[in-house]
Amino acid sequence: HQLPPFVLRMGVACMFVAELAAPFMLLVPVLMVRRVGVVVQAALQIGIVVTGNYNWFNIQTMVLLIPAWEDDNFDDPDSDALLLHRILCWPVRAWDRFWSTYVGRFVAFLASCL
């Protein structure tokens, strides 16, 4: 509250862009648009973490942004995906592959019966 009113208003405007426009960017099938949405969302979450509010929730949100960053042809051996990206996205791909197996379908069927 000690900053000039113009700076506070710009901060609110950036927050509205990050919370109202960027989530829809995460759903666009164009890779670069999705990545811009990820960067905007991550910047907002990092800003909230730096101010000391709701740290665990914001870290979870940043982890959930990882699949949106993923390239559409990730399994292509000629893809220029980074090693760190492959490591971070491995649990998401493994989880997806598990639910497409017969064991995953059986577990889902049992869970729906309970």
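Everything quoted here is computed from the prediction, not taken from an experiment.

Another aspect to go through is the overall build of the protein. Scanning the protein for helices and strands turns up six helices and zero strands. The N-to-C order of helical and strand elements in the protein reads α-α-α-α-α-α. Residues counted as buried form 20% of the 114 residues belonging to the protein.

The next thing to look at is the packing of helix α1 (residues 5-25) against helix α2 (residues 31-51). Axis separation between α1 and α2 bottoms out at 9 Å; the angle between their running directions is 145°. In terms of crossing hand, the pair formed by α1 and α2 is left-handed. Between α1 and α2, the contacting residues are M15, A18, E19, A22, P23 and M25 on the first element and V33, R34, V36, G37, V40, Q41 and L44 on the second. Tallied by class, residues from the contact of α1 with α2 come to nine nonpolar, two polar and two charged.

Here Q45 shows up in helix α2. At 2.3 Å, the side chain of Q45 forms a polar contact with the side chain of N58. If sequence neighbours within four positions are ignored, Q45 has contacts with N58, T61 and M62.

Among the surface-exposed residues, L3, F6, V7, L8 and M10 lie close enough to one another that they form a single nonpolar patch of about 470 Å² accessible area. You can see V7 is positioned in helix α1.

Turning our attention to α1. Between its first and last C-alpha atoms α1 spans 29 Å; for 21 residues at 1.5 Å apiece the expected length is 30 Å, and the two agree. Of all the bends in α1, the largest measures some 30° and sits at A18.

Next up on the list: the confidence of the model for the protein. As a note on interpretation, predicted positions should not be read in detail where pLDDT is low. Looking at the protein as a whole, its pLDDT mean stands at 79, while 83% of the residues score no less than 70. Confidence, read as mean pLDDT per element, is least for helix α5 (residues 83-99) in the protein (73) and greatest for α1 (89).

Structurally, N58 can be placed in helix α3 (residues 55-64). Take N58: its relative accessible area is 2%, and that puts it in the buried class. Here the alpha-carbon distance between N58 and I48, two residues ten residues apart in the chain, equals 7.4 Å.

Here is what the cut-offs are and how they apply
- Residues numbered from 1 in each chain as written.
- Predicted model: local features only at pLDDT ≥ 70, side-chain atom pairs only at ≥ 80, totals over all residues.
- Heavy atoms only, no water.
- Helix = DSSP H or I, 4+ residues; strand = E, 2+ residues; numbered from the N terminus.
- Buried < 20%, exposed > 50% of the residue type's maximum accessible area, 1.4 Å probe, protein only.
- Axes fitted to C-alpha atoms, helices over the stretch in contact; angles between N-to-C directions.
- Left-handed = near helix turned anticlockwise from the far one by under 90°.
- Contact = heavy atoms within 4.5 Å.
- Nonpolar A, V, L, I, M, F, W, Y, C, P; charged D, E, K, R; others polar.
- Polar contact = N/O pair within 3.5 Å; in protein donor to acceptor, adjacent residues only side chain to side chain.
- Patch = residues over 30% accessible without salt bridge, like charges linked within 9 Å, V, L, I, M, F, W, Y side chains within 5 Å.
- Areas by Shrake-Rupley, 256 points an atom, 1.4 Å probe, with all protein chains shown as cover.
- Salt bridge = Lys/Arg side-chain N within 4 Å of Asp/Glu carboxyl O.
- Expected span 1.5 Å × (residues − 1).
- Bend = angle between axes of the 7 residues up to and from the residue.
- pLDDT = per-residue confidence, 0-100.

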